[in-house]
Amino acid sequence: MANILSGKTISAELTEIQKQQVEELKKRGIQPGLAVVLAGENPASQIYVRNKIRACEQTGIYSKSIRLPESVSQEELLKVIDELNQDDKIHGILVQLPLPKGIDEHTVIMRISPNKDVDGFHILNAGKLFTGLKGFVPCTPKGIMYMLESAKIDLDGKHAVIVGRSNIVGKPIAMLLLNANCTVTICHSHTKNLAEITKQADVLVAAIGKPKFITADMVKEGACVVDVGINRVDGKVVGDVDFEPVYQKASYITPVPGGVGKMTISMLMQNTIEAAQI
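All residue numbers here refer to positions counted from 1 along the written sequence of the relevant chain. Reporting of local features is limited, given that this is a predicted model, to residues whose pLDDT is at least 70; pairs of side-chain atoms are given and counted only at 80 or more, and all residues count toward the totals for whole chains, interfaces and linings. Just so you know, side-chain values use all the structure's heavy atoms and leave hydrogens and water out.

Peer 1: Which parts of the structure should I look at to understand the pattern of salt bridges?
Peer 2: Between side chains of opposite charge, a pair can form when the charged atoms approach closely. A side-chain nitrogen of Lys or Arg and a carboxyl oxygen of Asp or Glu constitute a salt bridge if their distance falls within 4 Å. Summed over all chains, the structure comprises eight salt bridges. Its salt-bridge partner being aspartate 87, residue lysine 64 comes within 3.8 Å of it at the nearest N-O pair. With lysine 64 in strand β3 (residues 62–68) and aspartate 87 in the loop between α3 (74–86) and β4 (92–95), this pair connects stretches of sequence that are 23 residues apart. Only protein chains enter the accessibility calculation, which uses a 1.4 Å probe. A residue is then buried if its area is under 20% of the maximum for its type, exposed if over 50%, and partly exposed in between. For lysine 64, a relative accessible area of 29% corresponds to the partly exposed category. Segments assigned H or I by DSSP are reported as helices when at least four residues long, segments assigned E as strands when at least two residues long, and all are numbered from the N terminus.

See below:
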């Protein structure tokens with residue numbers, strides 16, 4: 001049976017550390033500030049934004065919530081970002097995705113100052129990650145690495161398999177694991193013989209958005225399994241991994257809920273604190 005990698009526990013411990021970091025910055029006359037921009041009425045996005053604002057309150061980070069109507073134009077949204085780029089009280093800018101129809105996400109993300117891009121989505125920060133330079137790392141991959149490090153899981157020389165190739169999770173976690181000296185394989189919807197590849201993984205990261213897609217017969221005995229998926233099935237939240245059977249085979253596993261999702265918000269707070277330290 002697996003050890004549970006509890007994002008809930010790890011994030012709670014990290015919050016206490018972050019409170020101290022914020023207090024140290026305040027002594028220097030700096031209060032880290034995060035602006036969260038929400039355009040439209042997406043119910044899930046509203047919950048995410050509320051959770052992020054609550055996390056700011058817990059750590060002592062100044063937060064500014066900007067809500068824009070579904071009808072907002074791209075030009076109006078870009079103007080809001082320009083103003084936040086110039087606001088000295090704001091160290092991090094997060095534009096909640098998805099955006100309303102007619103607004104180009106890439107254009108919006110590129111408008112955020114790279115020094116305030118606490119989501120780590122700007123192409124400059126993506127390039128820094130790719131080349132091994134210090135920059136802002138997307139929060140979910142950064143949270144995964146923090147969990148693995150907290151559990152003292154030895155990654156050196158291990159075979160890491162990532163199922164999913166998104167710019168938000170799949171590609172950046174591949175680079176982080178590569179930088180940690182893993183041998184990395186990225187699988188996706190066009191991968192042939194997927195189960196044969198996943199069964200080779202010492203570290204298996206599932207980030208595809210398909211409920212219970214990774215079954216026990218796809219997992220190597222003793223593997224570390226990281227479940228990034230958040231799927232709603234019959235009113236319940238489940239991951240991309242069929243938890244109970246995989247739990248019996250794995251050495252470590254992240255639960256859903258209470259796993260990677262908790263770490264994502266913790267890393268947003270961490271990136272904001274680091275932005276204030278620049």
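Following the structure, the description resumes.
Peer 1: Looking at this model, I keep getting lost on the sheet that holds strand β8 (residues 224–227). Mind explaining?
Peer 2: Hydrogen bonds between backbone atoms are what pair the strands of a sheet, whose relative direction is either parallel or antiparallel. For two strands to pair, DSSP has to find at least two bridges joining them. Strand order in this open sheet of six strands is β1-β11-β8-β7-β5-β6, and the pairing throughout is parallel. A single partner strand is all that each edge strand has here, and the edge strands are β1 (3–4) and β6 (183–187). With two bridges connecting them, β1 and strand β11 (residues 252–253) associate as parallel partners. Pairing of asparagine 3 across the sheet is with tyrosine 252, part of β11.

Peer 1: Looking at this structure, I do not really get the state of the cysteines. What am I missing?
Peer 2: Note on terminology: disulfide describes a covalent bond linking the sulfur atoms of two cysteines. Note on terminology: pairs of cysteine sulfur atoms within 2.5 Å are recorded as disulfides. On inspection of all chains with the given rule, the structure shows zero disulfides. Looking at cysteine 139, it has no disulfide partner, and the nearest cysteine sulfur is the one in cysteine 56, 11 Å off. The class of cysteine 139 is buried, set by a relative accessible area of 6%. Take cysteine 182: it sits in no disulfide, and the sulfur closest to it among the cysteines is that of cysteine 224, at 9.8 Å.

Peer 1: Would you mind showing me how to read helix α7 (residues 170–179) here?
Peer 2: Residue pairs three or four apart in sequence face the same way in an α-helix, which turns once every 3.6 residues. Burial runs high along α7: seven of the 10 residues are buried. Those residues of α7 lying buried are Gly170, Pro172, Ile173, Ala174, Met175, Leu176 and Leu177. Asparagine 181, located one to two residues past α7, shows a positive phi value of around 75°.

Peer 1: Can you help me understand the sheet that holds β3 in this one?
Peer 2: Pairing within the open sheet is parallel, and its three strands lie in the order β3-β2-β4. With partners counted over all chains shown, the strands left at the sheet margins are β3 and β4, one partner each. Strand-to-strand, the axes of this sheet are offset by a mean angle of 15°, without reference to chain direction. Relative to β3, strand β2 (residues 33–39) runs parallel, the two sharing seven bridges. Axis definition: a line fitted to C-alpha atoms, over the contacting stretch in the case of helices. Angles run 0 to 180 degrees between N-to-C directions.

Peer 1: Is there a simple way to explain the pairing of β4 in this structure?
Peer 2: Each regular strand displays side chains that alternate between the two surfaces of the sheet. Neither face of β4 is left uncovered, since the one carrying Gly92 and Leu94 and the one carrying Ile93 and Val95 both have all their residues buried. Two strands pair when backbone bridges link them, and β2 and β4 are joined in this way by four bridges, in the parallel orientation. Within β4, the position partnered with leucine 34 by the bridge is glycine 92.

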